[in-house]
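Per-entry structural report
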Amino acid sequence: MTESRLVSLGLTPERMAACNAQGHGDVLGRVSRVDRGIATVETAQGSLRLEIDRGEELVVGDWLARGAERPVLLERSTELARLGGPHKDQRQAVAANVDIAVIVHSSTAQFRLPLLSTFIVMAYDAGAEPLVLISKADLVHDVELLCGDIANKLGGVETMAISTQSGYGLERFREIIENKTIVLLGESGTGKSTLTNSLCGSEQLIAGELSRSGQGKHTTTHRELIVIPSGGVVIDTPGVRDASSFSGERAIALAFHDVHDRALACRFHDCAHGETQGCAVSAAIESGALDPERVETYLAEIAQRIVVTERLEERERTETPKKKKRRPRSRNTEDSDG
Ligand SMILES: Nc1nc2c(ncn2[C@@H]2O[C@H](COP(=O)(O)OP(=O)(O)OP(=O)(O)O)[C@@H](O)[C@H]2O)c(=O)[nH]1
Ligand SMILES: [Mg+2]
Ligand SMILES: [Zn+2]
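Everything numeric here is computed off the predicted structure, so don't read it as measured data.

**Here's the deal with the overall build of the protein**
Per the secondary structure count, the protein includes eleven helices and 13 strands. Looking at the protein as a whole, 47% of its 338 residues qualify as buried. Of the contacts made within the protein by residues no fewer than 6 positions apart, 66% connect residues no fewer than 24 positions apart. Carbon and sulfur atoms provide 50% of the accessible area of the protein, an area that totals close to 17,000 Å².

This is how it looks when you write it as structure tokens:
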């Protein structure tokens with residue numbers, strides 16, 4: 001293997017320049033997997049296993065430079081994070097240097113506005129582009145109609161349909177993600193790993209896991225980064241039942257731009273958007289311009305943000321300063337997490 005392997009892994013001239021600017025040696029490789037304090041790093045020479053130091057946090061997608069004693073973590077261009085920690089008030093990185101957060105929703109699954117909205121907030125919060133992918137297009141009569149409907153409900157976010165079964169939408173999807181790093185997010189069973197296989201070819205490790213289980217159905221238990229032979233990098237993740245974002249105000253405003261823009265026009269700046277006088281949001285619901293469920297979801301995201309901020313502040317006030325804990329090994333809401 002050669003340096004071109006690093007390019008396949010997503011190394012760009014910009015990142016190489018950033019590595020130099022940060023005063024490090026050459027780029028060493030990219031983290032493809034993290035298991036109990038051990039990171040698997042893909043390098044030009046192949047994979048290596050790196051023990052993660054106490055207090056150090058490495059996530060899938062991270063880039064490492066060669067250091068004098070040990071590899072050094074390079075600054076993340078984007079950081080996908082969720083709300084975690086024992087007090088549910090910490091920002092926990094789950095993937096780094098992701099360009100597109102692909103939110104996979106099965107065309108036959110129940111549409112859950114709060115869950116999909118949280119993924120969109122997480123994408124913006126990370127600094128990545130959200131893309132909603134309606135999977136299993138072969139199972140519904142008019143998937144484009146469904147796609148348009150879902151895009152509407154999500155405030156016009158980029159949405160497209162795909163089927164790994166019929167190949168519908170696959171070529172377009174390949175073009176969109178070419179030479180980008182994408183992460184697949186979604187509920188269990190939406191087809192994230194099947195899509196990963198179809199993008200990467202059946203010789204990938206993930207297919208091996210499939211045959212080892214001896215069954216048709218398997219559930220992903222690890223976040224894993226895989227190179228797409230036609231260009232690009234995909235991070236497959238375990239399905240989640242629920243998601244909580246550690247979301248900044250800006251990410252919420254972007255994900256709910258339609259509601260947010262109306263809220264700016266309310267008479268009182270601290271408007272609760274209820275039955276308040278001069279509330280532009282309520283007026284928009286009244287006129288049918290805004291979906292009440294969307295407003296409700298927006299208010300829930302804002303409320304959660306306030307609760308998390310207060311919890312953090314309260315803890316900082318009351319807790320005696322302790323030594324920084326070892327990396328939080330979160331269970332959080334993933335169905336499973338190694
Ligand atoms: N009809 C149809 N079935 C699909 C398609 N894509 C995936 N499936 C099926 O959906 C089921 C779940 O697929 P997975 O790829 O394991 O789903 P996942 O999102 O990775 O699930 P977790 O790993 O649990 O998060 C499997 O039985 C797949 O065969 C599709 O395009 N069409
Ligand atoms: Mg899977
Ligand atoms: Zn209002």
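**Observations regarding the coordination of the magnesium ion (ligand 2)**
At the metal site, the magnesium ion (ligand 2) is ligated by Ser193 (OG) and Thr220 (OG1), and these contacts range over 2.0 to 2.1 Å. Here Thr220 lies in the loop between helix 7 (205-213) and strand 12 (224-227) and Ser193 lies in helix 6 (residues 192-200), a separation of 27 residues in the sequence. This pair shows no difference in class: Ser193 is buried, exactly as Thr220 is.

**A few points about helix 6**
For an α-helix, the turn length of 3.6 residues means that residues three or four places apart are oriented alike. Among the nine residues in helix 6, seven count as buried, and that is most of the element. Restricting attention to buried positions, one finds in helix 6 the residues Lys192, Ser193, Leu195, Thr196, Asn197, Leu199 and Cys200.

**Quick word on the site of ligand 1**
Residues in contact with ligand 1 amount to 18 residues; listed here are only the nearest, Asp138, Ser188, Thr194, Thr219 and Thr220. Residue Gln165 places a main-chain N or O atom 3.5 Å away from an oxygen atom belonging to ligand 1. Take Thr220: an N or O atom from its side chain is 2.8 Å from an oxygen atom of ligand 1.

**As for empty space enclosed by the protein**
Counted according to the given criterion, the structure contains two cavities of 30 Å³ or more. Considered as a void within the structure, the second largest cavity measures approximately 40 Å³ in volume. Forming the boundary of the second largest cavity are Val104, His105, Gln110, Arg112, Leu115, Leu116, Glu187 and Thr190. Contributing elements (two or more residues each) for the lining of the second largest cavity: strand 8 (100-106) and helix 3 (113-126). Residue classes in the lining of the second largest cavity are distributed as three nonpolar, three polar and two charged.

**Things to note about the pairing of strand 13 (residues 233-236)**
Taking every second residue as pointing to the same face, both faces of strand 13 are buried, with Val233 and Ile235 on one and Val234 and Asp236 on the other. Pairing of strand 11 (residues 181-186) with strand 13, which is carried by three bridges, proceeds in the parallel orientation. Across the sheet, Val183 pairs through a bridge with Ile235, a residue of strand 13. Both strand 12 and strand 13 contribute to a ladder of four bridges, which runs antiparallel. Along strand 13, the bridge assignment pairs Leu225 with Ile235.

**A look at unusual backbone geometry**
A positive phi angle, near 60°, is found at Asn97, a position not held by glycine. The buried category is assigned to Asn97, whose relative accessible area is 4%. Of note, the phi angle at Lys136 is positive, near 60°, even though the residue is not glycine. Summarising the element assignment, Lys136 is placed in the loop between strand 9 (129-135) and helix 4 (143-153). Lys136 gets classed as partly exposed once you look at its relative accessible area, which sits at 29%.

Calculation rules
Residues numbered from 1 in each chain as written. Chains lettered and ligands numbered in written order. Predicted model: local features only at pLDDT ≥ 70, side-chain atom pairs only at ≥ 80, totals over all residues. Heavy atoms only, no water. Helix = DSSP H or I, 4+ residues; strand = E, 2+ residues; numbered from the N terminus. Buried < 20%, exposed > 50% of the residue type's maximum accessible area, 1.4 Å probe, protein only. Contact = heavy atoms within 4.5 Å. Areas by Shrake-Rupley, 256 points an atom, 1.4 Å probe, with all protein chains shown as cover. Donors = N, O, S within 2.8 Å, 3.2 Å for Na, K, Ca; no water. Near = heavy atom within 4 Å. Polar contact = N/O pair within 3.5 Å; in protein donor to acceptor, adjacent residues only side chain to side chain. 1 Å grid on protein atoms, 1.4 Å probe; cavity = no way out; pocket = protein on both sides within 12 Å on 5 of 7 lines; lining within 4 Å. Points joined across faces, edges and corners; volume = space filled by probe spheres on them. Nonpolar A, V, L, I, M, F, W, Y, C, P; charged D, E, K, R; others polar. Pairing = 2+ DSSP bridges.

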